[in-house]
Amino acid sequence: MTDESNGMPARIVWLDNAKLFPQVKTSSPAKMLAGVIHEALPQWGNQRRGMPADRHLRKIENVTANDYLQLQPLPKRQLKGITLYGGPLIIHFGHFIAESIHRCWAYEVLTDEGIHIDQVLFQQRLRQRFFRPEKRFRDLPDYIREIIAYLGVPEKKICLQYKPVIASKLAVPEQASFFRGVESVQSSYLAYLRRCEHRAKLADSDGRLPKKLYVSRLKYKFRGAFAGEAYLQDCFLKQGYTIFDPESLSVLDQLKHYKAADSIVFAEGGAIHMLELLGEINADVIIINRRPLSERVYGPLLRNRTKSLNFFDNVLMLPSLFLPPSSGKPAHGSALSVLDGRQLNAFLQSLLKFPDNAFSLAEFDAATKEDILAYQAHYSVLNRAFLAQQQASLERFRESSKAWL
């Protein structure tokens, strides 16, 4: 076992003949129906994440369903050689970065010690039947392949697990970072990420990349945004910011832009998780929250690696009108949020030195009203499968938003 005292980002435990169970379709990040079963596996070898941000007492908790795994039949297949456990693989962009990559550091550590790794095993959940199953690593989204390569794990070593197996020799690393983490990321893990930066040659050698970025979420105005963003984005553009659309670029190009910038403003969203791939960010980072408690989610992840970190959190989330077809329950991540325009103007003036005439409260309020009405209209089309739930959600939305209409 290795640990922080040896300069490692976290710990590693070696197990002989460990049982490995893949994800099933009912698995989720909050209840992981996948993992390792072995009498010598420590608690930190399970999948872990922070408790929800609204909890009074917050801590890192185990989400591996060990009771479920213990009931599974003994695997019949044997996985020979030395296997490095990569953990559950979650396809969703933000959750993939936040929860599926933070054991990859162990590949560098073990290979530097002269240990030959035969395969790095990830447990991918087969997607619902109306999606095409992505059973080969090369069929997964480009960002997954690019990020794992950036972290130093060769693609030829990747093994996606879909059947229970017994691993003859298994190395289980601890996650070095957590979704909704409570404490700041350890310096040894940031040092590893700086080595990844160096290998990827992220430095802006010709100095041509923009110094001020506004990371837009305008494309997602109906799936988690704040009202009035189009007007606010235009304000940043007039103050010399480049409007940055990260989805149009490769992973490495995104990271190069973030490394070159002096000031980065995020409309809160999954793009922020890309900063988890960097060991050091020489920029002032500002996050305009969609959820009041977002600082609890992103603060521990970013504070140790940014030049400065600030949040605008005078925000109110309206009731979500998006009802996923799988459940019919409102998806809070797709809610529309409303910012306090007066407080936002004061925030921009004090922190970013916006001039007095850079922001018009009247124009921002008009843009906010327009977006609220557009969001409501977008979800007013009858959903016969969940008609009662939709009507209840619309009523809650109208009641919560009437102060702005």
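Quick caveat, the model's predicted, so the values are computed rather than measured.

Thresholds applied
Residues numbered from 1 in each chain as written. Predicted model: local features only at pLDDT ≥ 70, side-chain atom pairs only at ≥ 80, totals over all residues. Heavy atoms only, no water. Pairing = 2+ DSSP bridges. Helix = DSSP H or I, 4+ residues; strand = E, 2+ residues; numbered from the N terminus. Contact = heavy atoms within 4.5 Å. Axes fitted to C-alpha atoms, helices over the stretch in contact; angles between N-to-C directions. 1 Å grid on protein atoms, 1.4 Å probe; cavity = no way out; pocket = protein on both sides within 12 Å on 5 of 7 lines; lining within 4 Å. Points joined across faces, edges and corners; volume = space filled by probe spheres on them. Nonpolar A, V, L, I, M, F, W, Y, C, P; charged D, E, K, R; others polar. Parallel < 35°, antiparallel > 145°, perpendicular 65-115°, else oblique. pLDDT = per-residue confidence, 0-100. Phe/Tyr/Trp six-rings, centres within 6.5 Å; stacked < 30°, edge-to-face > 60°. Buried < 20%, exposed > 50% of the residue type's maximum accessible area, 1.4 Å probe, protein only. Salt bridge = Lys/Arg side-chain N within 4 Å of Asp/Glu carboxyl O.

> What exactly am I supposed to notice about the sheet that holds strand 10 (residues 225-226) here?
Strand pairing in a sheet takes place through backbone hydrogen bonds and is either antiparallel or parallel in direction. Read across the open sheet, the 3 strands follow the order 10-16-15; overall the sheet is mixed. The open sheet terminates on both sides in strands that have one partner only, identified here as strand 10 and strand 15 (315-317). The strands touched by helix 10 (residues 361-378) are strand 10 and strand 16 (336-339); relative to strand 16, the strand with the most contacts, the crossing angle is about 165°.

> Explain the pairing of strand 1 (residues 12-21) here, please?
Each regular strand displays side chains that alternate between the two surfaces of the sheet. Sheet topology places strand 1 next to strand 8 (residues 165-173); 8 bridges connect them, and they run antiparallel. Residue pairing for strand 8: Ala18 is matched across the bridge by Ala167. In terms of strand pairing, strand 1 meets strand 2 (residues 35-37) through 3 bridges, oriented antiparallel. Considered in strand 2, the bridge of Leu20 is made with Val36.

> What exactly am I supposed to notice about the layout of surface pockets here?
Empty space left among the atoms is revealed by rolling a probe the size of a water molecule over them. Of the voids in this model, the second largest pocket is the one considered here, and its volume is about 360 Å³. Lining the second largest pocket we find 20 residues, and of these Ala176, Phe178, Glu183, Ser184 and Gln186 sit closest to its centre. Grouping the amino acids of the lining of the second largest pocket by side-chain chemistry returns 9 nonpolar, 5 polar and 6 charged.

> Honestly, the sheet that holds strand 7 (residues 158-160) in this entry has me stumped. Any pointers?
Taking strand neighbours across the sheet as the criterion, the 6 strands line up as 2-1-8-5-6-7 in an open arrangement whose pairing is mixed. The two strands at the open ends of the sheet, each matched to only one other strand, are strand 2 and strand 7. Across the sheet, the mean angle separating the axes of adjacent strands is 50° when strand polarity is ignored. Along the sheet, helix 3 (residues 105-112) contacts strand 1, strand 5 (77-89), strand 6 (119-124) and strand 8; its crossing angle with strand 1, the most-contacted strand, is approximately 120°.

> What am I meant to see in the packing of helix 10 against helix 11 (residues 387-401) here?
Contact geometry for helix 10 and helix 11: axes closest at 11 Å, N-to-C directions at 175°. With respect to their mutual orientation, helix 10 and helix 11 come out roughly antiparallel. Contacts between helix 10 and helix 11 pair Ile372, Tyr375 and Gln376 from the former with Leu394, Phe397, Arg398 and Ser401 from the latter. Here the residues of the contact of helix 10 with helix 11 sort into 4 nonpolar, 2 polar and 1 charged.

> Sorry, what's going on with the confidence of the model for the protein here?
Residues with a pLDDT of 70 or more make up 96% of the protein, whose mean pLDDT is 94. The low-confidence segment residues 1-5, where pLDDT is below 50, has 16 contacts with residues more than four positions distant or belonging to other chains.

> I would appreciate a short explanation of empty space enclosed by the protein in the present structure.
Scanning the model with the defined rule gives 1 cavity of 30 Å³ or more in all. The computed volume of the largest cavity comes to approximately 30 Å³. In terms of lining residues, the largest cavity is bounded by Ala34, Gly35, Val36, Leu41, Gly45, Asn46, Gln47, Thr64, Tyr85 and Pro88. Looking at the lining of the largest cavity residue by residue, the class counts come to 5 nonpolar, 5 polar and no charged.

> Even after reading the chapter, I still don't get the side chain of Ser27, so can you show me in this structure?
Residue placement: Ser27 occurs in the loop between strand 1 and strand 2. Residue contacts for Ser27: discarding those within four places in its chain leaves Met32, Leu33 and Arg125.

> Got a minute to help me understand the packing of aromatic side chains in this structure?
Geometrically, a pair of aromatic rings is defined through the distance of the ring centres and the angle of the planes. Applying the stated criterion to the full structure yields 15 aromatic pairs. Residues Tyr214 and Phe236 carry aromatic rings whose centres are separated by 4.9 Å and whose planes lie at 25° to one another, so their mutual orientation is stacked. In this pair, Tyr214 is assigned in strand 9 (residues 212-215) and Phe236 in helix 6 (residues 229-238), connecting sequence segments 22 residues apart. By relative accessible area, Tyr214 is classed as buried at 0%. Classification of Phe236 by relative accessible area gives buried; the value is 0%. Each ring, one from Tyr258 and one from Phe266, has its centre 5.7 Å from the other, and the planes form 45°; the classification is tilted.

> How should I be thinking about unusual backbone geometry in this particular structure?
It is generally the case that most residues other than glycine have a negative phi and that most peptide bonds are trans. Even without being a glycine, Arg180 presents a positive backbone phi close to 55°. Summarising the element assignment, Arg180 is placed in the loop between strand 8 and helix 5 (187-200). For Arg180, a relative accessible area of 14% puts it in the buried group. Non-glycine residue Lys201 carries a positive phi angle of around 55°. Within the secondary structure, Lys201 sits in the loop between helix 5 and strand 9.

> I would appreciate a short explanation of the pattern of salt bridges in the present structure.
Where side chains of opposite charge bring their charged atoms close, a pairing between them can arise. A complete count under the given rule lists 17 salt bridges for this structure. Glu108 is paired through a salt bridge with Arg199; the nearest N and O atoms lie 3.2 Å apart. Note that Glu108 is positioned in helix 3 and Arg199 in helix 5, a separation of 91 residues in sequence. You can call Arg199 partly exposed: its relative accessible area is 42%. One salt bridge connects Arg136 with Asp139, and the closest N-O pair in it is separated by 2.7 Å. Its relative accessible area of 42% is what places Arg136 among the partly exposed residues.

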